[in-house]
Amino acid sequence: MLKFTDDHEWLRIEGDTAVVGITDFAQGQLGDLVFIELPQAGKQFKKGDAAAVVESVKVASDVYAPIDGEIVEVNEAIVKEPQLVNTDPMGKGWFFKIKIGAPDQLTQMKDEKQYQELVSSAG
Amino acid sequence: MDVSTDLAPKLTFLDAFHGRAGARMVPFAGYRMPLNYPAGIISEHQHVRSAAGLFDVSHMGQLSIRPRAGDVSAAAAAFEGLMPVDLRSLAVGRQRYGLLTNQRGGILDDLMVAHLPGRLFVVVNASRKDADEKHIREKLSGACEIERHDDRALLALQGPLACDALCRIVPEVADMAFMDVREVKILGRDGIVTRSGYTGEDGYEISLPGDIAEKFAEALLAQKEVKLAGLGARDSLRLEAGLCLYGSDIDESTTPIEASLDWAIQKSRRPGGAHAGGFPGETEIFKEIADGPLRRRVGLRPEGRAPVRGGAKLFASADATEPIGHVTSGCFGPTVNAPIAMGYVKREIPDGAVVFAELRDKRIPTQLSALPFVKHNYKRNRK
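Structural notes on helix α6 (residues 213-221) of chain B
Residues and elements named next belong to chain B. Taken together, the buried positions of α6 are Ala213, Phe216, Ala217 and Leu220. For α6, the buried positions fall inside an angular range of 100 degrees around the axis, keeping them on one side. In α6, the exposed positions angled more than 90 degrees off the buried face are occupied by Lys215 and Glu218.

Notes on the sheet that holds strand β16 (residues 313-315) of chain B
All names here are of chain B. With respect to topology, six strands assemble into a closed barrel ordered β15-β18-β17-β16-β19-β20, the strand pairing being antiparallel. Looking at each pair of strands side by side, their axes are set apart by 45 degrees on average, direction ignored. Bridging between β16 and strand β19 (residues 354-359) involves two bridges; their strand directions are antiparallel. Looking at β19, one finds that Leu314 is bridged to Ala357.

Describing the interface of chain B and chain A
With 14 residues of chain B at the interface, the matching set in chain A holds ten residues. Those elements that place two or more of their residues in the side of chain B that touches chain A are α2 (41-50), α7 (231-240) and β17 (325-333) of chain B. For the side of chain B that touches chain A, the residue count by class is seven nonpolar, four polar and three charged.

Points about the domain arrangement of chain B
Residues and elements named next belong to chain B. For chain B, the domain assignment lists domain 1 (3-54 + 151-240) and domain 2 (294-383). Here the C-alpha centroids of domain 1 and domain 2 sit 28 Å apart. Counting residues at the interface gives 16 residues for domain 1 and 18 residues for domain 2. By residue class, the composition of the side of domain 1 that touches domain 2 is five nonpolar, four polar and seven charged.

Some details on the nonpolar core
All names here are of chain B. One finds Leu54, Phe79, Leu120, Val122, Leu155 and Leu157 to be the most contacted residues of the largest nonpolar core, which totals 130 residues. Ranked by the residues each element gives to this core, the list is headed by strand β7 (residues 107-116), at six residues. In contact with Leu54, not counting residues within four places along its chain, are Leu155, Leu157, Ala217, Leu220, Leu221, Val226, Leu228 and Ala229.

Observations concerning unusual backbone geometry
Residue and element names in this part refer to chain B. Cis geometry is adopted by the peptide bond preceding Pro372, which originates at Leu371 and carries an omega value of -5 degrees. By the secondary structure assignment, Pro372 is in the segment after β20 (362-369). Unlike most non-glycine residues, Met179 shows phi in positive territory, near 75 degrees. Along the polypeptide, Met179 turns up in the loop between α5 (162-169) and β11 (181-186). The partly exposed category is assigned to Met179, around which 19 C-beta atoms lie within 10 Å. One non-glycine residue, Leu187, adopts positive backbone phi at about 50 degrees. Relative to the assigned elements, Leu187 resides in the loop between β11 and β12 (189-194).

Observations regarding the environment of B:Ser58
Residues and elements named next belong to chain B. Looking at the element boundaries, Ser58 is found in the loop between β4 (52-56) and β5 (61-67). When the 25 C-beta atoms within 10 Å are taken as the criterion, Ser58 is described as buried. C-alpha separation for the pair Ser58 and Arg152, spaced 94 residues apart in sequence, amounts to 7.6 Å. If we skip the residues at most four places from it in the chain, Ser58 touches Thr12, Phe13, Leu14, Ala153, Leu154 and Ala213.

Some points on the pairing of β17(B)
Both faces of the sheet carry side chains from a regular strand, because those side chains alternate between them. Residue and element names in this part refer to chain B. Within β17, eight of the nine residues are buried, which leaves it mostly tucked inside the rest of the structure. Both β16 and β17 contribute to a ladder of two bridges, which runs antiparallel. Its bridge partner lying in β17, Leu314 is registered against Gly325. Pairing of β17 with strand β18 (residues 338-346) involves eight bridges; the strand directions are antiparallel. Counted as the bridge partner of Val327 is Gly343 from β18.

Some words on the confidence of the model for chain B
Residue and element names in this part refer to chain B. In this model, chain B carries an average pLDDT of 96, and 98% of its residues clear a pLDDT of 70 or more. Long-range and interchain partners of residues 1-5, a stretch whose pLDDT sits below 50, account for two contacts in this model, where long-range means more than four residues apart. With a pTM of 0.94, the predicted complex shows an ipTM of 0.86.

Conventions used here
- Along every chain, residues carry numbers that run from 1 in the direction the sequence is written.
- Think of it this way: whatever chain is written first is A, whatever ligand is written first is 1, and the rest follow in order.
- pLDDT decides what is reported in this predicted model: residues at 70 or higher carry local features, side-chain atom pairs at 80 or more are listed and counted, and totals for whole chains, interfaces and linings draw on all residues regardless.
- Counting other C-beta atoms within 10 Å of each residue's C-beta, where C-beta atoms are placed from the backbone, gives the exposure class: buried for 20 or more, exposed for 12 or fewer, partly exposed between.
- In DSSP terms, a helix is any run of H or I states spanning at least four residues, a strand is any run of E spanning at least two, and both are numbered starting from the N terminus.
- Think of it as the arc spanned by the lines of direction from the helix axis to the C-beta atoms.
- Two strands are counted as paired when DSSP detects at least two bridges linking them.
- Think of each axis as a best-fit line through the C-alpha atoms, taken over the contacting stretch in the case of a helix, with angles from 0 to 180 degrees between the N-to-C directions.
- Remark: residues whose backbone-derived C-beta atoms lie within 7 Å of one another are considered to be in contact.
- Polarity classes work like this: nonpolar for Ala, Val, Leu, Ile, Met, Phe, Trp, Tyr, Cys and Pro, charged for Asp, Glu, Lys and Arg, and polar for all others, with Gly in that last group.
- Marked domain ranges trace back to an automatic or database domain assignment.
- We define the nonpolar core as any set of buried residues of the types Ala, Val, Leu, Ile, Met, Phe, Trp, Tyr and Cys, connected via C-beta atoms lying within 7 Å of each other.
- The predictor's confidence in any single residue is recorded as pLDDT, a number from 0 to 100.

Okay, here's the thing in structure tokens:
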């Protein structure tokens, strides 16, 4: 099951954890990524906390924890090769896996169709 | 907040062309400008370093200054009253970097002055063109006639293969050297070509009537060496080349000496020179030439991969509480393949010293580095 936030993150729900990344729209807005900082596994976040940093040639941006929970795994491949997020944002460009701390937070998120409506209206 | 973004942006003559090319358009200095094309900033940057990139820089201001009486040296002498730069020695067919200063020695704008038959041709920053025009008219209208060329476009073709591409269409610019200027026919109309730019590479800037800009841009783009490049690549290229961006690295609060632009002030305008002084801020600038400035602009190489951006504070140590300077622009340099930045530090910090840049909750060791970060590749010899 895929969920999306208004901050242009996607979540793929796998049992009691969610794989989190940024959307194709988000990577397009940022442009070529050159640096990514990921959280440490084991770290606890509240929804909305800055959990990762992405930097393109031009701009820096935070990636927020989309839900409460504990980071269980991070994708070191994107630290070595940030452009994976540009080329495959929903696949090899995933950021981290977070243990779902508050399942009801997922119900407020957009599904794929609702998310596509959001970005198409953003132009 | 930048008020200009509240207004409808002005469009360059190439706006529709950028749209068709799939550019990502952003507001910049009151204009709608291409940040990048589908290739992306890094690819556009690397193409300029290896082949040739075509930039629309029509947002910049173009002015002609003609003497009301006498020859161009009269206009040059008058214009010297606004800047600490030798314009009287500027030969016809040559161009020079200049700086307008205020009474405190601060920089009102940086610009290019070219000597063409019968006039000086000036290119100024987009964000400053209204202010510059007003300033120049106020001070020079007695001696000179000022004409602003809003009907003209400006293209920059930059890179080691720029000459190959342009010379196929305009063969007479082939033998120009760096900082030469020449009037040539472009598609049968009046063009002004300089062999200069703002990327550190060989290349040309081409002023031409706005109504033929699109046709000429298409002709350049049809050359195998040429790809489009946007403002994003222009910024990373100029930063690697150690060149200042007005409004970030220099402004009214920075002097040419603090900005390490001493080289732009020729001996003739310094104390004891043939036409020393006589420009706004003379006292402050001469004092700084003699005593050294309290702070200076330097190149910075942050450790690691994270870009350190403009506004970041610089400290002498990892735990110092008082900053010793700040970053004025920074990005990831695609050719350097590392983060690069420029900024100001107190005079006592020596070349090569390691300072610490504040980035989020960390302090990044950052070495003072010689500029440029990437060697300039200008065509200095005329052959």
